Structures are given as C-alpha cells and as structure tokens.
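# Summary of structural features
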Amino acid sequence: MKKEYIVYKLSECAKQACRIDNELFTKYNVKRGLRNEDGTGVLVGLTKIGNVVGYERTEEGLKPIPGKLFYRGYDLADIVHALLKEKRFGFEEVAYLLLSGELPDNEQLDAFKELINDNMPLDKKTTMNIIDLEGQNIMNILARSVLEMYTFDPNPDDISRDNLMRQSIELISKFPTIIAYAYNIYRHSIHGRSLHIRHPHENLSIAENFLYMMKKEYTPLEARMLDLLLVLQAEHGGGNNSTFTVRVTSSTRTDTYSSIAAGIGSLKGPLHGGANIQMVKMFHHLKEVISDWTNIDEIDTYLIRMLHKEAYDGSGLIYGIGHAVYTISDPRAVLLKELASELVAEKGCEKEFAFLELLEQRAIECFKKVKGTKKQVCSNVDFYSGFIYEMIGLPIEIYTPLFAMARIVGWTAHRIEELNFEGRRIIRPAYKNVLEEVTYTPIGER
Ligand SMILES: CC(=O)SCCNC(=O)CCNC(=O)[C@H](O)C(C)(C)COP(=O)(O)OP(=O)(O)OC[C@H]1O[C@@H](n2cnc3c(N)ncnc32)[C@H](O)[C@@H]1OP(=O)(O)O
Ligand SMILES: O=C([O-])CC(=O)C(=O)O
C-alpha cells in the first residue's frame, strides 16, 4: 500500500470516528466550548487579576452592555486616559500592577523599569540560538526560544513564588528582544535583507526599545501608540484561550517555560491572537476587491458573500468581529479607534481609516442579516490593532508576536495566581464517552 494512501485511508476513517451528534451535547448537558446555553462561559475559576464585562444578568436573561475591562479592579479606560493626559509610557506600570496587585509609586516604578532594562539584553547563547532557529513563523520561533530559556535558567523547575516572579520579569523583559531579533533574522534569511542586531538601550521604555531594535528610527507618536497597544492587550481575565491554557498547564506544576510556550501556541490561532494578522490580510483584500470604499451596497454584497463562505478565504468568518464575552463593544477596540486618529493624521491614512470604520459598521449589520439577532456581535481588539501596527511601520509577521509581548504579563500573573491560591487543584474536567464497547477481533479475522 502506498504511504500517501495510508494517510488518506486513516484520515477517511477519522472523519467517521470524529462524528458526534450535536444532540448528544444537549442530552448529556455537555457545555460545548465550555459555554452555557446562552453563550456565556462556564465558571471554572476565581481571579483577582482581570475582569471582562460584556453583559448584565437580569431576571429576563442576559442584557448586552457596552464592554468594560478592569485590571486589578482599575478601569482600563481610566488607566489609558491618565497615561494620555500625563503623556507617559504605561506598559511597565501596568505590568507592575498586574503582577503585584498594586499601583507603583515613582520610586517603585523606576526600580522596576531598571530591572526590566537590565533583563532586556539576551545573553550570547540565546542570541546565537535564535540565529540557529530557522523558521518562517515568529510565534513558532518565540515558543521555541522560550522553551530554550529552560536550558539556561539555573532554577527552571522551582515553582516558589519568588522564583516565579523572577522568571516572569525576565520573560516580560526578554520577549521584545527575542521578537525583534527573530524578525530581523527571518527578514535576513527569507528576504535577503541586511541583518541588524541592535542592543536595547538603558532608559528607554519597552515600546521605544522595541522600535529601536526593529527599525532604529521611530517618531515619539509611534512609540506612544505602541505602548498603548501593549497596555490594552496585557490582560484579559482567566478564560481567554491562551491564559486558560497557561492556567491549565500551570495546574500540573510544570515549569514556567513549558506553560508559556503552550500559551504562545494557543494565541497563535486565527480565532484568537492570530486574528490580527488575518484581519490585516482581509483588509488588504477588501481594499482591492471593493472599488468604491464608500458604497454600502457594494460592501454589503461582498461581506454577505463572505459570511456565506462564497468569497475571500471560504471560512465564512469576518476577522476582527465577534467575541465570546463582549456584545455591544470591546472597550479596547473603542479605545483604539479613539487613539488612532492622531496617527492617522500623521500618516495621511484618513481614507483607509474611514473605510475600516465603515467596514466595522457594515460587518455588524451584515452579520445580523445573515445570522439573525440572537448573537449580538461587535468589533474586537484585533479589528484595529493591525491597522495601527501597519501605520507604525511594523511588518505583518510580528502582529501576533506583539500580542504575545503584551499578554506575557497577563499569562505570568495568572500563572503566579494559579500556583498560589490556597484551594488550588489540578485542572481536570471530564469527557463523556459516547461509543459503545466492542469486542477485540484478532488481526487474522478482520
Ligand atoms: C484577542 C481575541 O482573541 S479576540 C477574537 C479574535 N478572533 C476573531 O476575530 C475571529 C473571528 N471571530 C470569531 O471567530 C468568533 O467571534 C470568536 C471565536 C471570537 C468568538 O466566538 P463565539 O463567541 O464562540 O461565537 P459562537 O461560536 O458562539 O458563534 C455564533 C455564531 O456566530 C458566528 N460567528 C461568530 N463570529 C463570527 C465572525 N467573525 N464572522 C462570521 N461568523 C461569526 C459563528 O460561526 C456561529 O455561527 P453558527 O451558529 O452559524 O455556527
Ligand atoms: O477573551 C477572549 O476570549 C479573547 C480576547 O479578547 C483576549 O484574549 O484578549
């Protein structure tokens, strides 16, 4: 039998073996995707880190409300507006807050920033290792680099709180350097461009250092925008797929690097963090196929075809739209729209931005027309983030890694919580077997 045929044969059998009747989920009261009947997530834990609010529970049922996000009890919108008003970089402060539960004073923040700066440079072995890690996907290189960090950590398996905090700060500091180097090496080996390895500077924020390592020159507005994007994506409660992955793996008491690498793998998926790349690709496509960027009929016709799987990638999805918790709005998308305007003017992207805003509105309307009004959708953070990265002059290959560069803060904070609450227990849900037992047939009798 040919090898290709065997793969095909096994795959055909698997098609049948994977079939599970939808009614069985109702019959056995199984929460598909860990969701209740009304689409809300099944409660699986308690946290004090982030709070994601998208609806209210009333006697009549769920009431959609404008989305809100809280970091350690503080409204994210208040944090962002304070940073804008004070014209300060905020990602380091948010990292301090999320890791410790407290806002730092000036002295604490300065000391924390110094610690981050000290940890940003990669040692020679790690840099050489990234050069050796050939590959076309920066998330994949990031995950492999994180796993390699285990080798160079003198105390990798120690899950005491102090050691977890040390590892967390090292990861938060090193992610920007790993991503920038991985991209520059990828650009060199895949696109034949010159290779730059720039060492991070002392006294620069993470956002500034990242732009310096990536492209050397940047404007103050670009650095502030990147900082805000990092602030906005740093944390999203315990239930988002990547953070939950980190919590599930942490509950086995495995090492930090294994757990974070698993989180990276989850975030890479196109339904989660990977949606920011999909969104930008989809936007480029729509800019080409829609001839009049102001024509609602033309836009709607195409979006409806997409929803019917008749256009674009055939997935039936409009990327950047929909969320498991948010209904009327994702507060991060609302903030990004508000924050983008200054950069849009600096870059002269007004026409494109207007098209993107119109697409957002039409996608929501078309979704209602095709799917009905049972599920209320809004744009999510990935709808606008890629467009802003593009205006900052960052390449599409690093959009999901940039999400990881922000979310490493939430992941590590949740890992520390998962391993330190009194009633902790290995996470181990159940699957109901729905196949009857069969008698084994000896090979000669099949
Ligand atoms: C950082 C983040 O992770 S934010 C999310 C980023 N992901 C994306 O932007 C990808 C596009 N969006 C989606 O795929 C979804 O909205 C998700 C995965 C984010 C959330 O999904 P859920 O809340 O579980 O939605 P659910 O699966 O209940 O969807 C209900 C229906 O709406 C459809 N739907 C949801 N979002 C979309 C979308 N963006 N485009 C088309 N259809 C959608 C589903 O296919 C489903 O249709 P069906 O009932 O005919 O099968
Ligand atoms: O909460 C989710 O399901 C996904 C999300 O928006 C995030 O992780 O930022």
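Residues numbered from 1 in each chain as written. Chains lettered and ligands numbered in written order. Predicted model: local features only at pLDDT ≥ 70, side-chain atom pairs only at ≥ 80, totals over all residues.

Naming follows an unreviewed UniProt entry, where the protein appears as Citrate synthase of Phocaeicola salanitronis. Of the protein, the UniProt comment under Sequence similarities (unreviewed entry) reads exactly: "Belongs to the citrate synthase family." (UniProt positions renumbered as here; feature names shortened; annotations may be inferred.)

### A look at the overall build of the protein
Regarding its fold elements, the protein presents 18 helices and three strands. Here the protein has a C-alpha radius of gyration of 23 Å; the compact-globule value for 446 residues is 22 Å, and the two agree. When the backbone C-alpha atoms are referred to their principal axes, the protein occupies close to 70 × 60 × 55 Å. Looking at the protein residue by residue over its 446 residues, the buried ones come to 39%. In the protein, the share of contacts with a sequence separation of at least 24, taken over all contacts with a separation of at least 6, comes to 74%. (Helix = DSSP H or I, 4+ residues; strand = E, 2+ residues; numbered from the N terminus. Rg over C-alpha atoms; globule rule 2.2 N^0.38 Å. Buried ≥ 20, exposed ≤ 12 C-beta atoms within 10 Å, placed from the backbone. Contact = placed C-beta atoms within 7 Å.)

### Structural notes on the packing of helix α13 (residues 275–289) against helix α17 (residues 381–392)
Working note: a packed helix pair is described by the angle between its axes plus the distance between those axes. Here α13 crosses α17 at 75°, and the two axes come no closer than 8 Å. In terms of their interaxial angle, α13 and α17 are classed as roughly perpendicular. Contact residues: A275, N276, I277, M279, V280 and F283 in α13; D382, F383, S385, G386, F387 and E390 in α17. (Axes fitted to C-alpha atoms, helices over the stretch in contact; angles between N-to-C directions. Parallel < 35°, antiparallel > 145°, perpendicular 65-115°, else oblique.)

### Quick look at the domain arrangement of the protein
Partitioning the protein into structural domains gives domain 1 (3–65), domain 2 (77–274 + 407–418) and domain 3 (275–391). Each of domain 1 and domain 3 was reduced to a C-alpha centroid, and the two centroids are 25 Å apart. Taken together, the seven residues of domain 1 in the interface contact eight residues of domain 3. For the side of domain 1 that touches domain 3, the secondary-structure elements that each account for two or more residues are β1 (50–58) and β2 (61–71). Ranked by residues supplied to the side of domain 1 that touches domain 3, first place goes to β1 with three residues. For the side of domain 1 that touches domain 3, the residue count by class is four nonpolar, three polar and no charged. (Domains from an automatic or database assignment. Nonpolar A, V, L, I, M, F, W, Y, C, P; charged D, E, K, R; others polar.)

### Describing the site of ligand 2
As a matter of local geometry, ligand 2 sits amid V52, H236, N240, A324, V325, N380 and V381. The residue makeup of the shell around ligand 2, split by class, is four nonpolar, three polar and no charged. (Near = placed C-beta within 6 Å.)

### Some thoughts on the packing of helix α10 (residues 220–232) against helix α15 (residues 331–347)
Orientation of α10 relative to α15, taken along the N-to-C sense of each, is 170°, at an axis distance of 11 Å. With respect to α15, the axis of α10 lies roughly antiparallel. Contacts between α10 and α15 pair L221, M225, L228 and L232 from the former with R332, L335, L336, L339, E342, L343 and E346 from the latter. Of the residues in the contact of α10 with α15, the class split is eight nonpolar, no polar and three charged.

### A few points about α17
Spanning 12 residues, α17 covers 17 Å between terminal C-alpha atoms, matching the ideal 16 Å at 1.5 Å per step. Within α17, 11 of the 12 residues are buried, leaving the element largely enclosed by the surrounding structure. Where α17 is concerned, the buried positions are V381, D382, F383, Y384, S385, G386, F387, I388, Y389, M391 and I392. Of the surrounding secondary structure, the elements contacted by the buried residues of α17 are α10, α13, α15, α16 (350–371) and α18 (399–418). Directly after α17, the chain includes G393, whose backbone phi takes a positive value near 90°. (Expected span 1.5 Å × (residues − 1).)

### Describing unusual backbone geometry
Positive phi is not limited to glycine here, since R253 has a value of about 70°. Here R253 shows up in the loop between α11 (241–250) and α12 (256–267). On the basis of neighbour count, R253 is assigned to the partly exposed category, with 13 C-beta atoms found within 10 Å. Of note in the backbone geometry, Y312 takes a positive phi value of approximately 55° without being a glycine. Within the secondary structure, Y312 sits in the loop between α14 (296–307) and α15.

### Thoughts on the site of ligand 1
Surrounding ligand 1, one finds 22 residues, the nearest of these being H272, A275, I321, G322 and N380. Its residues assigned to classes, the shell around ligand 1 comprises 10 nonpolar, nine polar and three charged. Each of domain 2 (77–274 + 407–418) and domain 3 (275–391) contributes no fewer than three residues to the shell around ligand 1.

### Observations concerning the pairing of β1
Where β1 lies against β2, eight bridges are found, and the strand directions are antiparallel. When the bridges of β2 are listed, T58 appears paired with G61. Linking β1 back to β2 in an antiparallel pair, the connection comprises two residues. (Pairing = 2+ DSSP bridges.)

### Concerning the pairing of β2
Here two bridges tie β2 to strand β3 (residues 74–75), and the two strands are oriented antiparallel to one another. Residue Y71 lies in a different strand from β3, and its bridge partner there is Y74.

### Structural notes on the UniProt feature "active site" (unreviewed entry) in the protein
In the numbering used here, UniProt assigns the feature "active site" (unreviewed entry) to H323 and D382. These annotated residues cover 60 residues of sequence, and their C-alpha atoms lie no more than 10.5 Å from one another, placing them together at a single site. Its location among the elements puts H323 in the loop between α14 and α15. The class of H323 is buried, set by 20 C-beta atoms lying within 10 Å. Dropping the residues within four chain positions of it, H323 is found in contact with G54, D330, C378 and N380. Structurally, D382 is set in helix α17.

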